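Here is how the chains run, residue by residue.
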Amino acid sequence: MANCLGTAKGADKIFGQVYGLSTLDTICDHGKGVYLFDKEGKKYIDFSSGPSVVCIGHGDQRVIQAMVEQMKKVSYFHRGSWLNERAGELAERLIKVAPRNMKWCHFTCSGSEANETAIKLAHQYHLEKGDPEKYMIIGRWQSWHGNTLGSLSASGMTSRRRKFGPLVFQWPKIEAPLCYHCLLSISEMGHFLNRTLWHDQAALTSSLRP
Ligand SMILES: Cc1ncc(COP(=O)(O)O)c(C=O)c1O
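Residues numbered from 1 in each chain as written. Predicted model: local features only at pLDDT ≥ 70, side-chain atom pairs only at ≥ 80, totals over all residues.

## A few points about the overall build of the chain
Next up, step 1: The number of helices and strands found in the chain is 8 helices and 5 strands.
Next up, step 2: The helix and strand sequence of the chain, counted from the amino end, reads β-β-β-α-α-α-α-β-α-α-β-α-α.
Next up, step 3: Every one of the 210 residues in the chain was classed for burial, and the buried ones make up 10%.
Next up, step 4: Taking contacts inside the chain between residues at least 6 apart in sequence as the whole, the part at least 24 apart equals 39%. (Helix = DSSP H or I, 4+ residues; strand = E, 2+ residues; numbered from the N terminus. Buried ≥ 20, exposed ≤ 12 C-beta atoms within 10 Å, placed from the backbone. Contact = placed C-beta atoms within 7 Å.)

In structure tokens, the structure reads:
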């Protein structure tokens, strides 16, 4: 692939932008549907879907229109000061398709922030129930929950946690419940959790995989 770096002004001034690629030569020019295009017009299927979870596709006119309309109205305000009609509408739509006992939405700007919030919410729940000692989050080996320190603490990716040992919480990690090819040869989820949580003490006391 040709090196397009020279064509993107300031690209070499951006720190840590494209991880996972060995060279910084893939400049995205635009996207359409499931495709991304580089500066030379070469087409790629966007298997990355953002960080694997954004599946609205590129260039959907309905999304663009809604964003433009909203930005024309107001650029930014903090959710602690004002309410937003569109956010309320979105919350109602989400609750309609969510499990029945879900009654509220909390919007965040990233997966990491969502996980940080979930961790704090779980802790607050136990605090208010009078169980302040219940503060640990059990993660799964190989799981990824984000770059922020709380989310990284819950993440089971040793390669991404290793350098941050003193900064992250040493929360326990267990195997993923992969019933189809279970590492522990256990076919039922209940048995799996029982065995992993109560009998795999090594996993519960170590947060860095050897
Ligand atoms: C399950 C999960 N949680 C959290 C994250 C982190 O999200 P973000 O990069 O938006 O902070 C990701 C994606 O990287 C994810 O797949």
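## A few points about the pairing of strand β2 (residues 35-38)
Next up, step 1: Direction of pairing for strand β1 (residues 28-32) relative to β2: antiparallel, over a ladder of 4 bridges. What sits directly across from Gly31, in β2, is Leu36.
Next up, step 2: Where β1 folds back on β2, the antiparallel hairpin that results is connected by 2 residues, among which Gly33 adopts a positive phi of roughly 60°.
Next up, step 3: In this structure, the hairpin formed by β2 and strand β3 (residues 43-45) is closed by a connection of 4 residues, where Gly41 is found at a positive phi of approximately 85°. (Pairing = 2+ DSSP bridges.)

## Comments concerning the site of the ligand
Next up, step 1: As a structural note, the neighbourhood of the ligand is formed by Pro51, Ser52, Val53, Ser110, Gly111, Ser112, Asn115, Trp144, His145 and Gly146.
Next up, step 2: Among the elements of the structure, α1 (49-52) and α4 (111-128) are those that each provide at least two residues to the shell around the ligand.
Next up, step 3: Tallying contributions element by element places α4 first for the shell around the ligand, with 3 residues.
Next up, step 4: Along the lines of polarity and charge, the residues of the shell around the ligand split into 3 nonpolar, 7 polar and no charged. (Near = placed C-beta within 6 Å. Nonpolar A, V, L, I, M, F, W, Y, C, P; charged D, E, K, R; others polar.)

## Side note on unusual backbone geometry
Next up, step 1: Even without glycine at this site, Gln142 takes up a positive phi of about 75°.
Next up, step 2: Relative to the helices and strands, Gln142 is located in the loop between β4 (139-140) and α5 (149-154).

## Regarding helix α2 (residues 61-73)
Every α-helix winds through 3.6 residues per turn, so residues three or four apart in the chain are directed the same way.
Next up, step 1: Taking 1.5 Å of rise per residue, 13 residues should cover 18 Å, and α2 covers 18 Å from first to last C-alpha, within 8% of that figure.
Next up, step 2: Across the 13 residues of α2, 0 count as buried, placing the element largely on the outside. (Expected span 1.5 Å × (residues − 1).)

## Here we look at the environment of Arg79
Next up, step 1: Here Arg79 is to be found in the loop between α2 and α3 (85-97).
Next up, step 2: A sequence separation of 28 residues divides Arg79 from Phe107, and the C-alpha atoms of the two residues are 9.5 Å apart.

## As for the confidence of the model for the chain
Predicted coordinates in regions of low pLDDT should not be interpreted in detail.
Next up, step 1: On average, the chain scores 82 in pLDDT, and the residues at 70 or more come to 76%.
Next up, step 2: Confidence, expressed as mean pLDDT per element, reaches its minimum in the chain at helix α8 (residues 201-205) with 53 and its maximum at α4 with 96.
Next up, step 3: Across residues 1-6 the pLDDT falls below 50, and counting only partners more than four positions away or on other chains, this stretch makes 13 contacts in the model. (pLDDT = per-residue confidence, 0-100.)

## A look at the sheet that holds β3
Next up, step 1: Taken in spatial order, the 3 strands line up as β1-β2-β3 in an open sheet, and their pairing is antiparallel. Where the open sheet ends on each side, the last strands, each with one partner, are β1 and β3. Across the sheet, the axes of successive neighbouring strands diverge by a mean angle of 30°, strand direction being ignored. (Axes fitted to C-alpha atoms, helices over the stretch in contact; angles between N-to-C directions.)

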